[in-house]
Amino acid sequence: MNIADQKIAVAEAALAWIEPHLHHDLVLGIGTGSTADHFIDLLAPHRARFGGAVASSGRSADRLARLGVQVYDLNTVPELPFYVDGADEINARLEMTKGGGGALTREKIVAAASKIFVCIVDGSKRVATLGRFPLAIEVIPMARAQVIRALTSLGAEERIGAPDIALRTGPDGAAFVTDNGNCIVDVSGWSIAEPRRLEARIGAIVGVVESGLFALRPADVLLLAGPDGVETF
Ligand code: 5RP
């Protein structure tokens, strides 16, 4: 299977994993990205078998609603037993980087609210050390320059490499704007040996909303596609 087929295969595996848990009162947490999109498309025909979903982005909320799945505001939902989402990278401890689609803050909120985080990825996402994929960090726009300076110092202090930091732009060349009205800086060039420590340190920088490091709250289950099929960890 190539990568595109692996994304579909892992979404099918996620549906098979979640099906035994479906019941009328169940509200599912649903993530963002091309793999999550496949999962939404496969899940939607089963919409009568569960209560609905909380989405981690406007994009996923729109897709779910278009396919007839009831979308809830997280504030109105007493519990989220499961959250199904992709990742940009995942290591053996099921720590991840996320935010390639720009939805990292809402993804982190929904993940924090969920009991079981089921991460669904194609084989290209499995890494020994996080940091190969640029690390997304959502930033309050007025703090952008000072956050970039603080991240540069942090890289030196933590001895994880000199970062190459870029403000994310959209297809029109303008600064990308998150669902929360903020900007994203992408940090390349770090070898993240201690993800929990780095997540805490980045989170302490004033002006940072969230980082795309998901180490303090890692995934609980990993469905990992490869050329020959999907494995569960
Ligand atoms: C979006 C994310 C996605 O989960 C991540 O970018 C993976 O995307 P894809 O499934 O398209 O490879 O974190 O913010």
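Within any chain, residue numbers begin from 1 and follow the written order of that chain's sequence. Only residues with pLDDT of at least 70 are given local features in this predicted model, and only at 80 or more are side-chain atom pairs given and counted; all residues enter the totals for whole chains, interfaces and linings. Remark: hydrogens and water are excluded; side-chain values derive from all non-hydrogen atoms of the structure.

(A) Looking closely at the site of the ligand. Surveying the vicinity of the ligand reveals 17 residues, the closest of which are Lys-7, Ser-34, Thr-35, Asp-88 and Lys-125. Definition of a polar contact: a pair of N or O atoms within 3.5 Å, with one able to donate and the other able to accept a hydrogen when the atoms are protein atoms, and with sequence-neighbouring residues admitted only if both atoms are side-chain atoms. In the model, an oxygen atom of the ligand is placed 3.5 Å from a nitrogen or oxygen of the Gly-102 main chain. Considering the ligand on its own, with 380 Å² of exposed area, one finds that the protein chains cover 91% of that surface. Nonpolar residues are Ala, Val, Leu, Ile, Met, Phe, Trp, Tyr, Cys and Pro. Charged residues are Asp, Glu, Lys and Arg, and all others, Gly as well, are polar. Of the residues that constitute the shell around the ligand, the class distribution is two nonpolar, nine polar and six charged. Whether a residue is near a molecule or strand depends on its heavy atoms: if one lies within 4 Å, it is near. Only the protein chains shown count as cover for residues, with accessible areas throughout obtained via the Shrake-Rupley method and a probe of 1.4 Å.

(B) Just the environment of Asn-2, in detail. Starting at the N terminus, helices and strands are each numbered in turn, a helix being any DSSP run of H or I of at least four residues and a strand any DSSP run of E of at least two. Turning to its location among the elements, Asn-2 is positioned in the segment before helix H1 (3-18). The spatial distance from the C-alpha of Asn-2 to the C-alpha of Gly-173 is 31 Å, given a sequence separation of 171 residues. Polar side-chain contacts of Asn-2 include one of 3.2 Å to the backbone nitrogen of Ala-4. There is a polar contact of 2.8 Å between the side chain of Asn-2 and the backbone nitrogen of Asp-5.

(C) Quick look at the packing of aromatic side chains. Paired rings are identified among Phe, Tyr and Trp, the last through its six-membered ring, by centres lying within 6.5 Å, and are further divided according to the angle between planes into stacked (under 30 degrees), edge-to-face (over 60) and tilted (the rest). Enumeration according to the criterion identifies two aromatic pairs in this entry. Here Tyr-83 and Phe-117 contribute two aromatic rings whose centre-to-centre distance is 4.9 Å and whose plane-to-plane angle is 65°, an arrangement assigned as edge-to-face. Pair noted here: Tyr-83 is in strand S3 (residues 80-85) and Phe-117 is in strand S6 (residues 114-121), with a separation of 34 residues, a long-range link. A 1.4 Å probe rolled over the protein chains alone gives each residue an accessible area, and that area as a share of the maximum for its type sets the label: buried under 20%, exposed over 50%, partly exposed in between. With relative accessibility at 0%, the residue Tyr-83 sits in the buried group. Taking relative accessible area as the criterion, Phe-117 reaches 0% and is therefore assigned buried. Arg-126 extends its terminal NZ or CZ atom over the ring of Phe-233, reaching a point 5.3 Å from the ring centre. Its end group placed over the ring of Phe-176, Arg-168 keeps NZ or CZ at 5.6 Å from the ring centre. We call a charge positioned above a ring when the Lys NZ or Arg CZ atom is no farther than 6 Å from the ring centre and deviates by at most 35 degrees from the ring normal.

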